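An overview of the molecular structure
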Amino acid sequence: MDASTLNSKFSIGPALRFVQDASGLVIADIDNPLATARICLQGAQLLSWQPKSAEHPVVWCSDLARLQRDVSMHSGVPVCWPWFGAHAEGRRLPAHGFARHLPWEVTECAVEPGGETRIGLRLLQPVQPDLGWEHAAQLELHLVIGDSLKMELVTSNLGNQAFVISEALHTYFQVGDIERVRLLGLDGTTYADKVEKFARHVQQGALSFSGETDRVYLDTQAECVIEDAMLCRRIRIAKFGSRTTVVWTPWQDKARIIQDIGAAGWRNMLCVESANALDNLVTVAPGAVHALAVEYRAEPF
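Here we summarise the structure given alongside this text.

About the cut-offs
Residues numbered from 1 in each chain as written. Predicted model: local features only at pLDDT ≥ 70, side-chain atom pairs only at ≥ 80, totals over all residues. Heavy atoms only, no water. Pairing = 2+ DSSP bridges. Helix = DSSP H or I, 4+ residues; strand = E, 2+ residues; numbered from the N terminus. Axes fitted to C-alpha atoms, helices over the stretch in contact; angles between N-to-C directions. Core = buried A, V, L, I, M, F, W, Y, C linked by side-chain atoms within 4.5 Å. Buried < 20%, exposed > 50% of the residue type's maximum accessible area, 1.4 Å probe, protein only. Contact = heavy atoms within 4.5 Å. Polar contact = N/O pair within 3.5 Å; in protein donor to acceptor, adjacent residues only side chain to side chain.

**Details of the pairing of strand β2 (residues 26–31)**
- Across five bridges, the pairing between strand β1 (residues 16–20) and β2 is antiparallel. Looking across to β2, one finds that Gln20 is bridged to Val26.
- As consecutive antiparallel partners, β1 and β2 are separated by five residues, and within that stretch Gly24 has a phi angle of approximately 95 degrees, a positive value.
- Relative to strand β3 (residues 35–40), β2 runs antiparallel, the two sharing five bridges. Looking at β3, one finds that Ile27 is bridged to Cys40.

**Regarding the sheet that holds β1**
- Ordered by their spatial adjacency, four strands build an open sheet running β1-β2-β3-β4, and the pairing between neighbours is antiparallel. Looking at strand neighbours, the two that pair on one side only are β1 and β4 (45–51), the edges of this open sheet. Averaged over neighbouring strand pairs, the angle between their axes works out to 15 degrees when direction is ignored.

**Observations concerning the nonpolar core**
- Core analysis: the biggest nonpolar cluster contains 76 residues, and Phe18, Trp49, Trp81, Trp104, Ile145 and Ile226 have the highest contact counts within it.
- No other element matches the five residues that strand β8 (residues 137–145) contributes to this core.
- Ranked by size, the runner-up nonpolar core spans nine residues in total, among them Phe84, Leu218, Val246 and Ala275.

**Observations concerning the side chain of Ser274**
- Within the secondary structure, Ser274 is located in strand β21 (residues 269–276).
- On the basis of relative accessible area, Ser274 is assigned to the buried category, the value being 2%.
- Those residues in contact with Ser274, other than ones at most four positions away along the chain, are Ala168, Leu169, Ile237, Lys239, Ser242, Thr244, Leu292 and Val294.

**With respect to unusual backbone geometry**
- Cis geometry is adopted by the peptide bond preceding Pro82, which originates at Trp81 and carries an omega value of 0 degrees.
- Tracing the backbone shows Pro82 in the loop between β5 (79–80) and β6 (104–111).
- Even without being a glycine, His96 presents a positive backbone phi close to 65 degrees.
- Inspection of the secondary structure puts His96 in the loop between β5 and β6.
- Classification of His96 as buried rests on a relative accessible area of 14%.
- You will see that Phe198, though not glycine, has its phi angle at about 70 degrees, which is positive.

**Observations concerning the environment of Arg243**
- By the element assignment, Arg243 lies in the loop between β19 (233–240) and β20 (244–249).
- Here the alpha-carbon distance between Arg243 and Val282, two residues 39 residues apart in the chain, equals 9.7 Å.
- In this view, Arg243 contacts Tyr217, Leu218, Asp219, Thr220, Gln221, Ala275, Asn276 and Asn280; residues no more than four positions away in its chain are not counted.
- Side-chain polar atoms of Arg243 contact the side chain of Asp219, separated by 2.8 Å.

Listed below in structure tokens is the structure:
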């Protein structure tokens with residue numbers, strides 16, 4: 001549907017309207033009493049979220065990011081599904097799956113009792129034979145935008161055979177300066193270090209950052225907290241149905257070659273991704289439903 005048709009069916013006055021980007025892609029533009037947010041219907045990619053109680057955005061969107069058809073931006077919350085990272089068979093298939101590149105449809109829009117905006121989205125083309133994915137699956141994303149941000153990624157097996165997925169909500173959080181940030185909640189957790197060819201280590205204490213970091217923390221359902229000394233706030237990251245946490249910052253050299261992050265943007269973002277990956281793959285039985293959910297909240301300190 002185009003923006004005009006979506007507005008006639010789903011608009012909630014000024015709290016939710018649909019607009020057409022210069023790229024031709026449709027954006028859900030949310031401005032309710034509690035928060036603002038933008039969601040691109042390509043990839044169901046949340047582009048930004050800022051509670052009105054917060055001085056700065058919580059979800060980071062690069063100043064260099066531009067929407068393009070069939071391309072996912074290094075910003076916001078890309079949806080990684082039905083695999084995370086490179087395809088397990090090593091074929092030349094898109095990293096992080098295909099859901100983040102394809103169109104999604106709107107299934108519901110509503111105002112919650114507390115004034116939050118609810119929006120439901122569904123992947124239009126969940127069967128992709130050319131990409132080796134022929135399973136009868138349905139993928140939905142439900143978002144509640146308010147003083148906290150809630151997202152739930154729901155996989156349903158509509159067929160008569162089990163299938164295996166890996167997945168992530170690949171969230172970019174805005175920080176004041178990556179070198180003045182600590183991440184709490186992973187002490188004692190085993191991780192695979194992608195910078196060291198997936199060598200395994202055990203986290204000791206809080207994470208701080210002084211170079212490229214790309215770690216897959218396994219068998220953890222813990223809440224994480226970003227402590228940001230420059231912005232004087234904590235971002236709480238609670239998750240459900242996720243046993244993997246991925247932490248990524250590209251640092252200066254790698255960021256230079258990522259067009260929509262650039263030479264300076266890396267300082268103001270940190271990815272903390274709620275996932276199921278590596279040792280924590282998910283088997284979805286016939287007729288079963290699996291949900292990965294998160295809730296983000298910012299608070300001053």
